[in-house]
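Commentary on secondary and tertiary structure
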Amino acid sequence: MSEERSGANILVESLVKQGVEFVFGYPGGAVLPIYDALFGEERIRHILVRHEAGAAHAAEGYARSTGKPGVVLVTSGPGATNAVTGIADAFLDSIPLVVITGQVPTALIGSDAFQEADTVGISRHCTKHNYLVKDPADLAAIVDEAFQIATTGRPGPVLIDIPKDVQIAMAAWHGGPAQRRQRYAPRTQGAIEEIEDAVAMIAAAKAPVFYTGGGVINSGPRATALLRELQAKTGAPVTSTLMGLGAFPADSTDWLGMLGMHGTYEANMTMNQSDLIICVGARFDDRVTGRLDAFAPNSKKIHIDIDRSSINKTVPVDLPIIGDCAEVLQQILDVWGDRKPQDLTAWKDRIDTWRQKKSLSFPDNRDAIMPQLAIQRLFALTKPKDPIISTEVGQHQMWAAQHFHFFSPNKWLTSGGLGTMGYGLPAAIGAQLGNPDSLVIDIAGDASIQMNIQELGTATQYRLPVKIFILNNEWMGMVRQWQELTYESRYSNSYSDSLPDFVKLAEAYGWKGIRITRESELDDGIQAMMDYPGPVIVDCCVHNEANCFPMIPSGASHTEMILYGDSVAGTMDDEAKALV
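Residues numbered from 1 in each chain as written. Predicted model: local features only at pLDDT ≥ 70, side-chain atom pairs only at ≥ 80, totals over all residues. Heavy atoms only, no water.

The chain carries the name Acetolactate synthase in an unreviewed UniProt entry, which gives Novosphingobium beihaiensis as its organism. In its Sequence similarities (unreviewed entry) section, the UniProt entry covering the chain states "Belongs to the TPP enzyme family." In its Catalytic activity (unreviewed entry) section, the UniProt record describing the chain reads: "2 pyruvate + H(+) = (2S)-2-acetolactate + CO2". (UniProt positions renumbered as here; feature names shortened; annotations may be inferred.)

Structural data, given as structure tokens:
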């Protein structure tokens, strides 16, 4: 039996039916009917952020750490536009979000009304799909379809723009399941011929490598388990993009570390010299490939991806397989059976010579804390707690990717595709809400942390024991590094002048503040951070001009990496030179 309810009430009931736990939002005039419908609602917990960008990033952190879609609720105009950066971030990193925005009444759309913006137009290129709702009777079906689109295929953000009059208008509500519209059905399994070809190529390869990305993690725990099983059967080494860290255990002898611009020497050289690249859930991003005409010149390439548009977009491949990572990996394992791969001893011996470069080493400095050492000590002391790590964006992000190690998925939250400063703190808040018993740490820089530092108040309000570990070098570190290496040390506006006292700032928000200025204080300071039951900011003062190496300069190839002590790359062996 149906009854009439307002559009706002239908929306809230539809969210409940989707199993939504948290809505990250900020109220305003164009969404007040929805906020009124949420008043007293005990089945959904609304998290009041301090800025709409914080809402989107917190929803991302919740989604990335739990595997569930994040939900955002913001008002029209500036509320929606403030959220766009987080929406674009989720789009590039394939994070499932459902973003609900208020809109001016239908009759005022297009009139430049107060707090009006063309939210559908603005978000069209950074969402998987978006809706402008014109009838409250459509809301239940739209919400159902929005969650389906956000969470299936290549995950991503979906936006629902709801004019205020639609929120107030009445429509029939029957309380049953929405009538699902079957308009979106991504392909999940590869064709059997493709699977058989892939198995034959892997079995024949003498120098194979698995190149894995965030798609493995997005596919779920089954995909990461199947990746490990297939690797064990084939013996091929594994490298990963920034977004894929944790899909393969970092303590495996076949783990090469991250590849790309700030990846390890052995990972980049393995990719360059392989005869077969098995790309699983990655997209040959420019930060991974380096100079395209020199990328893996003698390798065949298999590309497994659920997003058809990613295939051959950047790098031509020999065997594309469109499908979900878990489904395709299972198909490959089924066909593989008891097959034996080539003897990879010679290949792994060669990789071991590249490992001898010890590309993640860094200078010892007794006058200042080396940031790499700070990350290593943070990892060592927090490892027993298996923490969730978020980051801001910059040198600290790359040092964390290099020197903090991950053994399982959904523990590493970072902005990869968009590179959004200000991501880490709200993402940590979302992760802490979704994982209340976990240690959650945002590894930050002194510049990046200030981008969304107002969200300290959100953590205080909801009593979230988030920890922030700031590598404070008093610079916009990555900008300074590029200016040193590329612009003859012309440090144009990269100095973080007038920094706040982070300890006093922490205390002003009701957090605990800890400052570390000497290497001898590192372990005690980190332990004090972990022992404190509430939120903590650690201001770790590190070497002011430490650079993040290894590094592939812009426009260079994998064989032209700069390591500590190198003025230019010049580090490839004679055999590699002959092949390239």
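Moving on: the UniProt feature "domain: Thiamine pyrophosphate enzyme TPP-binding" (unreviewed entry) in the chain. UniProt marks residues 393-540 with the feature "domain: Thiamine pyrophosphate enzyme TPP-binding" (unreviewed entry), using the numbering shown here. The span residues 393-540 is 36% helix and 16% strand, and its two end C-alpha atoms sit 17 Å from each other. (Helix = DSSP H or I, 4+ residues; strand = E, 2+ residues; numbered from the N terminus.)

Now for the packing of aromatic side chains. Overall, the coordinates contain 14 aromatic pairs when judged by the stated rule. Measuring from centroid to centroid gives 6.4 Å for Phe22 and Phe24, while their planes differ by 35°, and the two rings are tilted. Considered together, Phe22 and Phe24 belong to a single accessibility category, that of buried residues. Measuring from centroid to centroid gives 5.1 Å for Phe406 and Trp412, while their planes differ by 55°, and the two rings are tilted. When sorted by exposure, Phe406 lands in the same class as Trp412, which is buried. Through pairs of rings, three or more aromatic residues link up here, namely Phe379, Phe404, Phe406, Phe407 and Trp412. Over the ring of Tyr265 we find Lys357; its NZ or CZ atom is 5.8 Å from the centre of that ring. Across from the ring centre of Tyr532, 5.6 Å away, lies the NZ or CZ of Lys512, which sits over that ring. (Phe/Tyr/Trp six-rings, centres within 6.5 Å; stacked < 30°, edge-to-face > 60°. Buried < 20%, exposed > 50% of the residue type's maximum accessible area, 1.4 Å probe, protein only. Lys NZ or Arg CZ within 6 Å of the ring centre and 35° of its normal.)

Taking strand neighbours across the sheet as the criterion, the six strands line up as β3-β2-β4-β5-β7-β6 in an open arrangement whose pairing is parallel. Edge positions in the open sheet fall to β3 (45-48) and β6 (129-132), since each of these has one partner strand only. When strand polarity is set aside, the average angle formed by the axes of neighbouring strands in this sheet is 20°. Pairing analysis gives seven bridges linking strand β5 (residues 97-103) to strand β7 (residues 157-163), with the strands arranged parallel. (Pairing = 2+ DSSP bridges. Axes fitted to C-alpha atoms, helices over the stretch in contact; angles between N-to-C directions.)

The next thing to look at is the pattern of salt bridges. Across all of its chains, the model carries 23 salt bridges by this definition. When the shortest N-O distance is used, the salt bridge between Glu13 and Arg5 registers 3.1 Å. Looking at Glu13, the relative accessible area reads 16%, which means it is buried. Taking the shortest distance from any N to any O, the salt bridge between Arg291 and Glu560 comes out at 3.3 Å. With Arg291 in the loop between α12 (286-289) and β13 (300-305) and Glu560 in the loop between β20 (536-541) and α22 (574-579), this residue pair connects regions lying 269 residues apart in the sequence. By relative accessible area, which is 33% here, Arg291 ends up partly exposed. For Glu560, a relative accessible area of 31% corresponds to the partly exposed category. Members of the salt-bridge network, linked through shared partners, are Glu3, Arg5, Glu13, Glu41 and Arg43. (Salt bridge = Lys/Arg side-chain N within 4 Å of Asp/Glu carboxyl O.)

So, on to the sheet that holds strand β14 (residues 319-322). The strands making up a sheet are joined through hydrogen bonds of the backbone, oriented either antiparallel or parallel. Across the sheet, which stays open at both edges, the six strands sit in the order β11-β10-β9-β12-β13-β14 with parallel pairing between neighbours. The open sheet terminates on both sides in strands that have one partner only, identified here as β11 (255-258) and β14. Between one strand axis and the next, the sheet turns through 15° on average, direction left out of account. Relative to strand β12 (residues 276-280), strand β9 (residues 208-212) runs parallel, the two sharing five bridges. Looking at the pairing, Tyr211 lines up with Cys279 of β12. Lying over the sheet, helix α8 (residues 192-204) contacts β12, β13 and β14, oriented at roughly 130° with respect to β14. (Contact = heavy atoms within 4.5 Å.)

Turning our eyes to something else, we now look at the packing of helix α10 (residues 221-234) against helix α13 (residues 325-336). Helices that pack against each other are described as a pair by the angle of their axes relative to one another and the distance between those axes. Contact geometry for α10 and α13: axes closest at 9 Å, N-to-C directions at 30°. It follows that α10 is roughly parallel to α13 by the angle criterion. Classified by chirality, the crossing of α13 by α10 is left-handed. Side by side, α10 and α13 meet where Arg222, Ala223, Leu226, Leu227, Glu229, Leu230, Lys233 and Thr234 of the first sit next to Cys325, Ala326, Glu327, Leu329, Gln330, Ile332, Leu333 and Trp336 of the second. Within the contact of α10 with α13, the residues separate by chemical class into 10 nonpolar, two polar and four charged. (Parallel < 35°, antiparallel > 145°, perpendicular 65-115°, else oblique. Left-handed = near helix turned anticlockwise from the far one by under 90°. Nonpolar A, V, L, I, M, F, W, Y, C, P; charged D, E, K, R; others polar.)

Counting through the fold element by element, Thr414 comes out in the loop between β16 (412-413) and α17 (424-434). When near neighbours in sequence (up to four residues on either side) are disregarded, Thr414 contacts Asp93, Leu242, Met243, Thr391, Glu392, Gln397 and Tyr423.

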